[in-house]
Amino acid sequence: MASILVLVEHEEGNLKKVTAQMLTKARELGEPAAVFVGEGLRSATEALGRCGARTVYAATGEGWTNQLTLPLVDALEAAADRADPAAVLVASTAGGKDAAVRLAARKGWGVLADVVDLDGDLLATQNVFGGATIVHSRVTKGTPVLTIKPNAFPVEESPVEPQVVDLGLVRQAGPSEVRMTEHVVEERGGRPDVAEAEIIVSGGRGLQDPSNFALVEALADALGAAVGASRAAVDAGWYPHQHQVGQTGKTVSPQLYVAVGISGAIQHRAGMQTSKTIVAVNKDAEAPIFSISDFGVVGDLFKVVPRLTEEVVKRKG
Amino acid sequence: MKILVTVKRVPDTAAEKRLDPADKTLDRESVETIMNPVDEYAVEEALRLKDAVGGEVVVLCMGPSSALPTIRKALSMGPDSAVHVHDDALHGSDVLSTARVLAAAIRKVEPDVVVSGSESTDARTSLVASAVAEYLGWPGLIGAKKLVVDGGTVRIHRETEAGYDVLEASGPAVVSVVKGINEPRYPSFKGIMAAKSRPVTDYSLGDLEIDPDSVGAAGAACEVVDFTPRPPREAGQVAKDGGDGAAALELAEFLASRKFI
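Chemist: Help me out: how do you make sense of the overall build of chain B in this one?
Modeler: For chain B, the count of helices and strands is seven helices and 13 strands. With the C-alpha coordinates aligned to their principal axes, the bounding extent of chain B is approximately 65 × 45 × 40 Å. When burial is assessed residue by residue, chain B has 52% of its 261 residues classed as buried. Look at the contacts in chain B between residues 6 or more apart in sequence, and 71% of them connect residues 24 or more apart.

Shown next as structure tokens:
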């Protein structure tokens, strides 16, 4: 059975959920093989085995970091040369996409972005135009390189004892090398990333003032959610751009999306309408967000949201 | 320093985008089109770079002749000249073909740095700038919320979920910038008038020595098999709050019924 290469997204060996999701899917398509770059190989290998990775191709040591793109591309290329895979799966994160497309360009292989489903013949499903259109496409040249949206696939464990294969690579800095001189953490609420979160609570213009994002953050924390923001809120400088959901921000598809004080203009819906469940709080009964909400509250968010937060905390005990 | 900035013509943000059933490519002719919104930040950043270190700004656009207003729009913000790559054979180009054509045009212009928007609002793949860097054999600095060129070193702050990474590379390099890196200027009346007389150089595939069969639909490495509109979501329950926030309890009940709490 042909192998399916999966680039491991991790933080010092702790797997990101999307890695387990990709490996679970890879088991349906062929024999899953992980490509690991960076530190933490030992703990990662155990977790990768639980998700069914039969082989772990590793590039570790001096210069091998998963924080930069070229080491990822070089490791993927070396692993692909060995494994001759039927497909390469990479997470649809900023870094993952950067690596995936460089691999595709280098090898002359076709690449598809933001895949949300794959059938046994590697026919890919993508949501385009903000989820308004569902497209089926396939790669017609070379080995398909597919970037996979986080939360597209469930995780099912299927433990195996992986064989670790050291790719034996020596990192040589070429003219296209990028160096990382600093890693700066500005905010740490312990909240999940917007792109990967299962629940997102987003705030918009209805909050009236940047300080009122505290209401959104409190509800998010009660639900264990990430915080999102509408374009209006970001453009007004109320919340940082990396939290923006919509056409000029992130496209998300969480299990639950809570829209607070967001009217739901088309450009916002384009970023969240594929969410599994949508609820909204808005004072305007005519707001378009209600037309796509599974549950809407027409009311004053300054009254409704604090009571909701209180109730969530109470029920979660 | 020679700064090249890429721009793309896309459907208006508020327009309903659709695929043309005949060739399964984006229908750009039946909708209002604009310059890709993120490209405004790229043009602004290129102009600021020129203000800081001197030199010239060249706009690069690949697209049919109907993309000319997008090029004029970019020029009206202040760049010195533009390069327009158009050729009927380019219709239906995928990410890799697009990047290969842009890379070939960039080689002819020989800039010290390339600035691109992080994504276009139509296809939204965020892949082209990285692929251009790979074809050129240049460093790719992707997702910048700050850009500084310091002698031969190109340095960015790469946006992350929790903050930023400082990345640097030796030029020439390809940089993609995110929305919010700056406050793009509005073209002045003088700028709009001046843009009309700025030189726009046309390149065909022949000028770039690219085989027409290797790009467009014929050269694509992937194909759209079929597409369907997403069935519309149905509006669900609505609770009207009486003014005391008590409808929150109904919402909580709903969330509990779906096992979120």
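After that view, the rundown keeps rolling.
Chemist: Just to check I follow, could you spell out the interface of chain B and chain A for this structure?
Modeler: Where interface size is given, it is often the accessible area lost as the parts come together that is meant. Contact with chain B, which involves 70 residues of that partner, is made by 76 residues of chain A. Elements with a minimum of two residues in the side of chain B that touches chain A: helix 1 (37-53), helix 3 (95-109), helix 4 (128-136), strand 7 (140-150), strand 9 (163-170), strand 12 (222-229), strand 13 (237-240) and helix 7 (247-257) of chain B. Across the side of chain B that touches chain A, the residue classes tally to 39 nonpolar, 16 polar and 15 charged.

Chemist: Can you help me understand the environment of Val116(A) in this one?
Modeler: All names here are of chain A. Positionally, valine 116 belongs in strand 7 (residues 111-118). When the C-alpha positions of valine 116 and isoleucine 148 are compared, they lie 6.3 Å apart, and in sequence the two are 32 residues distant. Every residue in contact with valine 116, bar those within four places of it in the chain, is listed here: Thr125, Gln126, Asn127, Lys149 and Ala152.

Chemist: Where do I start with the environment of Pro11(B) in this structure?
Modeler: Residues and elements named next belong to chain B. You can see proline 11 is positioned in strand 2 (residues 9-11). A tally of 22 C-beta atoms within 10 Å means that proline 11 is categorised as buried. Sequence-wise, proline 11 and arginine 28 are 17 residues apart; in three dimensions their C-alpha atoms are separated by 6.2 Å. Once residues within four sequence positions are removed from consideration, proline 11 is found in contact with Lys17, Arg28, Val31, Thr33 and Asp122.

Chemist: What should I look at first to understand the sheet that holds strand 4 (residues 56-62) of chain B in this one?
Modeler: Strand pairing in a sheet takes place through backbone hydrogen bonds and is either antiparallel or parallel in direction. The 10 strands are arranged 12(A)-9(B)-8(B)-7(B)-10(B)-6(B)-1(B)-4(B)-5(B)-11(B) in an open sheet whose pairing can be described as mixed. Both outer strands of the open sheet, strand 12 (179-185) of chain A together with strand 11 (200-203) of chain B, are each paired with one neighbouring strand and no more. Ignoring which end each strand starts from, the neighbouring axes of this sheet average 30° apart. In this sheet, strand 5 (residues 81-85) of chain B lies alongside strand 4 of chain B in parallel orientation, the contact comprising five bridges. Within strand 5 of chain B, the residue paired with Val58(B) across the bridge is Ser81(B). In the packing of helix 3 of chain B onto the sheet, contacts are made with strand 1 (2-7), strand 4, strand 5, strand 6 (113-117) and strand 11 of chain B, and the angle to strand 4 of chain B comes to roughly 150°.

Chemist: I keep staring at the packing of helix 3 (residues 69-83) of chain A against helix 4 (residues 94-107) of chain A and nothing clicks. Help me out?
Modeler: If you want to describe how two helices pack, look at the angle between their axes and the distance between the axes. All names here are of chain A. The contact between helix 3 and helix 4 brings their axes to 9 Å, and the two run at 50°. Overall, the two elements helix 3 and helix 4 adopt an arrangement that is oblique. As helix 3 runs across helix 4, the sense of the crossing is right-handed. Along the contact surface, helix 3 presents Thr69, Leu72, Val73, Leu76 and Glu77, while helix 4 presents Gly95, Asp98, Ala99, Arg102, Leu103 and Arg106. Here the contact of helix 3 with helix 4 is composed, by residue class, of five nonpolar, two polar and four charged.

Chemist: In this structure, what is going on with the nonpolar core? I would like to understand it.
Modeler: Generally speaking, soluble globular proteins have nonpolar side chains that are buried together. Residues Val35(A), Leu76(A), Val132(B) and Val175(B) are the most contacted members of the largest nonpolar core, which totals 136 residues. Discounting chain neighbours no more than four positions away, the residues touching Val35(A) are Leu5(A), Val6(A), Leu7(A), Val8(A), Tyr57(A), Ala75(A), Leu76(A) and Ala79(A). By size, the runner-up hydrophobic cluster in this structure holds 54 residues, among which are Leu223(A), Ala287(A), Phe290(A) and Val312(A).

Chemist: How do you make sense of the sheet that holds strand 13 (residues 199-203) of chain A when you look at a structure like this?
Modeler: Here six strands make up an open sheet; going across it, the order is 14(A)-13(A)-15(A)-16(A)-17(A)-13(B) and the pairing parallel. Each edge of the open sheet carries a strand with a single partner, namely strand 14 (226-229) of chain A together with strand 13 of chain B. Neighbour-to-neighbour, the strand axes of the sheet open up by a mean angle of 15°, direction not taken into account. Here four bridges tie strand 17 (residues 295-298) of chain A to strand 13 of chain B, and the two strands are oriented parallel to one another. Within the sheet, the bridge partner assigned to Val298(A) lies in strand 13 of chain B and is Lys240(B). Against the sheet, helix 5 (residues 213-223) of chain A engages strand 13, strand 14 and strand 15 (256-260) of chain A, with an angle of about 170° to strand 13 of chain A. Across the face of the sheet, helix 7 of chain B comes into contact with strand 16 (277-282) and strand 17 of chain A together with strand 13 of chain B while running at roughly 170° to strand 17 of chain A.

Chemist: Would you explain the packing of helix 5 of chain A against helix 8 (residues 301-316) of chain A in this entry?
Modeler: All names here are of chain A. In contact at an axis separation of 9 Å, helix 5 and helix 8 are set at 20° when each is read in the N-to-C sense. Viewed along their axes, helix 5 and helix 8 adopt a mutual orientation that is roughly parallel. Relative to helix 8, helix 5 is oriented so that their crossing is left-handed. In this structure, helix 5 contributes Leu215, Ala218, Leu219, Ala222 and Leu223 to the contact, and helix 8 contributes Val305, Pro306, Leu308, Thr309, Val312 and Val313. Across the contact of helix 5 with helix 8, the residue classes tally to 10 nonpolar, one polar and no charged.

Chemist: Help me understand the pairing of strand 12 of chain A in this model?
Modeler: Residues in a regular strand project their side chains so that they alternate between the two faces of the sheet. Here strand 12 of chain A lies mainly on the outside; zero of its seven residues are buried. Note: strand 12 of chain A against strand 9 of chain B, six bridges, orientation antiparallel. Within strand 9 of chain B, the residue paired with Glu182(A) across the bridge is Val166(B).

Chemist: Please explain helix 4 of chain B as it appears in this structure.
Modeler: The periodicity of an α-helix, 3.6 residues per turn, causes residues three or four positions apart to be oriented the same way. With nine of nine residues buried, helix 4 of chain B lies mostly within the body of the structure. Of all the positions in helix 4 of chain B, only Val128(B), Ala129(B), Ser130(B), Ala131(B), Val132(B), Ala133(B), Glu134(B), Tyr135(B) and Leu136(B) are classed as buried. Looking at the packing, one finds that the buried side of helix 4 of chain B touches helix 4 of chain A together with helix 3, strand 6, strand 7 and strand 10 (173-177) of chain B. Looking one or two residues beyond helix 4 of chain B, the residue adopting positive phi is Gly137(B), at roughly 75°.

Chemist: I'm lost on the confidence of the model for chain B in this one. Help?
Modeler: A low pLDDT score tells you not to read the predicted coordinates there in detail. Here chain B shows a mean pLDDT of 95. Residues at 70 or above account for 100%. Of the two predicted TM-score estimates for the complex, the pTM is 0.93 and the ipTM is 0.95.

Chemist: For this particular structure, what's the right way to read helix 3 of chain B?
Modeler: Residues and elements named next belong to chain B. Here helix 3 contains 15 residues, and its C-alpha end-to-end distance of 21 Å stays within 8% of the 21 Å for a straight helix at 1.5 Å per residue. By the criterion of burial, helix 3 is predominantly enclosed, with 11 of the 15 residues buried. Those residues of helix 3 that fall on the buried side of the exposure criterion are Val95, Leu96, Ser97, Thr98, Ala99, Arg100, Val101, Leu102, Ala103, Ala105 and Ile106. One or two positions beyond helix 3, positive phi appears at glutamate 110, with a value near 55°.

Chemist: Before we go on, may I ask you to explain unusual backbone geometry in this structure?
Modeler: Backbone phi values are negative for most residues with the exception of glycine, while trans is the configuration of most peptide bonds. All names here are of chain B. The omega torsion of the bond from glycine 171 to proline 172 falls at 0°, within 30 degrees of zero and hence cis. Its location among the elements puts proline 172 in the loop between strand 9 and strand 10. If you check the backbone angles, glutamate 209 has positive phi at about 55° while not being a glycine. In this fold, glutamate 209 is placed in the loop between strand 11 and helix 6 (216-219). Of note in the backbone geometry, lysine 259 takes a positive phi value of approximately 65° without being a glycine. Look at lysine 259 and you get exposed, because 8 C-beta atoms sit within 10 Å.

Quick notes on the rules
Per chain, residues are indexed from 1 in the order of the written sequence. Just so you know, chain letters begin at A and ligand numbers begin at 1, following the order they were written in. Only residues with pLDDT of 70 or above have their local features reported here, since the model is predicted, and side-chain atom pairs are shown and tallied only from 80 upward, although totals for entire chains, interfaces and linings are computed over all residues. Counting from the N terminus, the helices are the DSSP runs of H or I reaching at least four residues and the strands are the DSSP runs of E reaching at least two. Field definition: a residue is buried when 20 or more other C-beta atoms are found within 10 Å of its C-beta, exposed when 12 or fewer are, and partly exposed for counts in between, with C-beta atoms placed from the backbone. Placing C-beta atoms from the backbone, we regard two residues as in contact once those atoms come within 7 Å. Three classes are used, and their members are as follows: Ala, Val, Leu, Ile, Met, Phe, Trp, Tyr, Cys and Pro are nonpolar, Asp, Glu, Lys and Arg are charged, and the others, Gly among them, are polar. Think of it this way: DSSP has to see at least two bridges between two strands before they count as a pair. Interaxial angles span 0 to 180 degrees and are taken between N-to-C directions of axes, which are lines fitted to C-alpha atoms, for helices over the stretch in contact. Should an angle lie under 35 degrees it is considered roughly parallel, over 145 roughly antiparallel, and from 65 to 115 roughly perpendicular; all remaining angles are considered oblique. The handedness criterion is simple: a crossing whose near helix is rotated anticlockwise from the far helix by less than a right angle is left-handed, and one whose near helix is rotated clockwise is right-handed. Structurally, a nonpolar core is described as a collection of buried Ala, Val, Leu, Ile, Met, Phe, Trp, Tyr and Cys residues joined by way of C-beta atoms within 7 Å. For every residue, the pLDDT score states the predictor's confidence, bounded by 0 at the bottom and 100 at the top. Helix span is expected to be 1.5 Å times the residue number reduced by one.

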